[in-house]
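# A structural walkthrough
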Amino acid sequence: MITASAPGKINLYFAVGPKLANGYHEVCSVYLALNLREQVAVSRAESLSIHVYPDNGDVPLDETNLVVKAARLFTREPLKFEIEKHVPVAGGMGGGSADAAAAALATQKLTESAEQDLSQLGADVPFAAMGGLALGLGIGEKLSALPMGLELNVVLIRGEGGLSTPQVYSKLDELREAGGTVPESDPLIPQELIDALAQGNLNEVVKHIHNDLQWAALSMKPELQETIDRAKAAGALTAIVSGSGPTVFAIAETQERAKQIANVFGDRAIVTSGPSAGARIEN
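Residues numbered from 1 in each chain as written. Predicted model: local features only at pLDDT ≥ 70, side-chain atom pairs only at ≥ 80, totals over all residues. Heavy atoms only, no water.

## Notes on the overall build of the protein
This is how it is decided: What counts as a helix is a DSSP run of H or I of at least four residues, what counts as a strand is a run of E of at least two, and both are numbered from the N terminus. The globule rule used for comparison is 2.2 Å times the number of residues to the exponent 0.38, while the radius of gyration itself is calculated over C-alpha atoms. For the exposure calls, accessible area comes from a 1.4 Å probe over protein chains only, and a residue counts as buried if that area is under 20% of its type's maximum, exposed if over 50%, partly exposed in between. We call two residues in contact whenever any of their non-hydrogen atoms come within 4.5 Å of each other. Note on areas: Shrake-Rupley, 1.4 Å probe, and residue coverage restricted to the protein chains presented here. In this charge count, Lys and Arg are treated as positive and Asp and Glu as negative; neither His nor the chain ends contribute. Lysine's charge is taken at NZ, arginine's at CZ, aspartate's at CG and glutamate's at CD.
Per the secondary structure count, the protein includes nine helices and twelve strands. Against the compact-globule benchmark of 19 Å for 283 residues, the protein has a radius of gyration of 18 Å, which places it among compact chains. Across its three principal directions, the C-alpha atoms of the protein cover 55 × 45 × 35 Å. Taking all 283 residues of the protein together, 52% fall into the buried category. Look at the contacts in the protein between residues 6 or more apart in sequence, and 77% of them connect residues 24 or more apart. Accessible surface, the protein as shown: approximately 12,500 Å² in total, 46% of it carbon and sulfur. Of the side-chain charges in the protein, 22 are positive and 34 negative, and the distance between the mean point of each set is 2 Å.

As structure tokens, this is what we get:
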């Protein structure tokens, strides 16, 4: 058995360009890996099996799970996967992608195989393998590591239910069409945010955190605005929908303040930080 882990993520910046002919969108993202890690143990077996801890019924236990697709980049033999979940499911934080990145690394070591291109598993999987802070272009898979001059204290506030990422994108397209705000070119790189992160200037960082998908997510789940407002009232420097939602993340000045913000939301909230290392072997 080989065990590996990989981090969940938030997007400190997420801009969405016009819809492409293939249905995707060009994006510009600043990814931050969190010290909230998924752990996947992989071992040989007589037949495929997937075990999830804790199992709330939201994670597929068949071949549709990304861990299986990740492992099949390296081998077709049946495997047993044991997934230890720490990243909220369907929260816009890349938990499934972190599972895939961890499974890929563990399977590669188990089978002593060569590295494979993980971008075919989705835009977030290569970043989960990479970790740290990165700029993502294309559909998010064209990654460039960025320097990080500070640690960010993050509070994750889980929303009720889930939001379908394709539906959030479709809603954004619909809102843009209705408002006459469809972009005509690819999104610009947020250089002011990148510079502030490199310099460790927290006050400037929070000014430039942004998510184009928030407009659509709030349209579909208006109650998320209350979560954002409550987080700010509790002392968050900023709060914003994470990716396609429904998780909201808040940035706090200190870890102590992050804990105070989390207390407002009870067991809906998780205190963490970033950046974190990418996928790594644990044992």
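## Details of the packing of helix α8 (residues 223-233) against helix α9 (residues 255-265)
Helix packing geometry: the angle between the two helix axes and the distance between the axes. Stated precisely, the cut-off is as follows: Only the contacting stretch of a helix is used when fitting its axis, a line to C-alpha atoms as for every element, and angles between N-to-C directions run 0 to 180 degrees. Convention used here: angles under 35 degrees read as roughly parallel, angles over 145 as roughly antiparallel, angles from 65 to 115 as roughly perpendicular, and any remaining angle as oblique. By definition, any crossing whose near helix is turned counterclockwise from its far helix by less than a right angle is left-handed, and any crossing with a clockwise turn is right-handed. When residues are sorted by character, Ala, Val, Leu, Ile, Met, Phe, Trp, Tyr, Cys and Pro go into the nonpolar class, Asp, Glu, Lys and Arg into the charged class, and all the rest, Gly among them, into the polar class.
At a minimum axis separation of 9 Å, α8 and α9 run at an interaxial angle of 140°. One finds that α8 runs oblique with respect to α9. Where α8 crosses over α9, the two elements pack in a sense that is right-handed. Counting all contacts with α8, which are made through Thr227, Arg230 and Ala231, the residues of α9 involved are Ile261, Val264 and Phe265. Residue composition of the contact of α8 with α9, by class: four nonpolar, one polar and one charged.

## Re the environment of Ala114
Checked against the element boundaries, Ala114 lands in the loop between α2 (95-111) and α3 (124-130). The contact partners of Ala114, leaving out residues within four places of it in the chain, are Phe74 and Gln108.

## Notes on unusual backbone geometry
Put simply, Gly245 and Pro246 share a cis peptide bond, and its omega is 5°. For Pro246, the location among the structural elements is in the loop between β9 (238-241) and β10 (248-252). Residue Pro275 follows Gly274 across a cis peptide bond; omega there is 15°. You will see that Glu112, though not glycine, has its phi angle at about 55°, which is positive. Take Glu112: it is sitting in the loop between α2 and α3.

## Brief notes about the pairing of strand β7 (residues 152-157)
Across a regular strand the side chains alternate sides, sitting on one face of the sheet and then on the other. For clarity, the cut-off: In this analysis, strands are considered paired if DSSP registers two or more bridges between them.
With respect to burial, β7 is a largely interior element, six of its six residues being buried. Bridge analysis of β7 against strand β11 (residues 269-274) gives six bridges, and the strand direction is antiparallel. Residue pairing for β11: Leu156 is matched across the bridge by Ile270. In this structure, β7 lies alongside β10, joined through five bridges in antiparallel fashion.

## Remarks on helix α4 (residues 165-179)
Note the cut-off: The span one expects for a helix is its residue count, reduced by one, times 1.5 Å. For this quantity, the arc is that covered by the directions from the helix axis to the C-beta atoms.
The terminal C-alpha atoms of α4, which comprises 15 residues, lie 21 Å apart, in line with the 21 Å expected from a rise of 1.5 Å per residue. Inspection of α4 places Val168, Tyr169, Leu172, Asp173, Leu175 and Arg176 among the buried residues, and these make up the whole buried set. End-on, the buried residues of α4 take up no more than an arc of 165°, which puts them together on one face. Facing away from the buried surface of α4 by more than 90 degrees, the exposed residues are Pro166, Glu177 and Ala178. Next to the buried residues of α4 lie β1 (2-19), β2 (25-44) and α7 (213-220). Just downstream of α4, Gly180 is the residue with a positive phi angle, here 65°.

## What to know about the side chain of Thr272
Condition: Definition of a polar contact: a pair of N or O atoms within 3.5 Å, with one able to donate and the other able to accept a hydrogen when the atoms are protein atoms, and with sequence-neighbouring residues admitted only if both atoms are side-chain atoms.
Tracing the sequence through the fold places Thr272 in strand β11. Here Thr272 falls in the buried class, since its relative accessible area comes to 7%. Only 3.3 Å separates the side chain of Thr272 from the backbone oxygen of Asn35, close enough to count as a polar contact. Beyond its immediate chain neighbours, meaning those up to four positions away, Thr272 contacts Leu34, Asn35, Leu36, Leu152, Asn153, Val154 and Leu156.

## Examining the sheet that holds β11
The four strands are arranged β9-β10-β7-β11 in an open sheet whose pairing can be described as antiparallel. Each end of this open sheet is capped by a strand with a single partner; those strands are β9 and β11. Averaged over neighbouring strand pairs, the angle between their axes works out to 25° when direction is ignored. Running at roughly 5° to β7, α9 makes contact with β7, β10 and β11 of the sheet.

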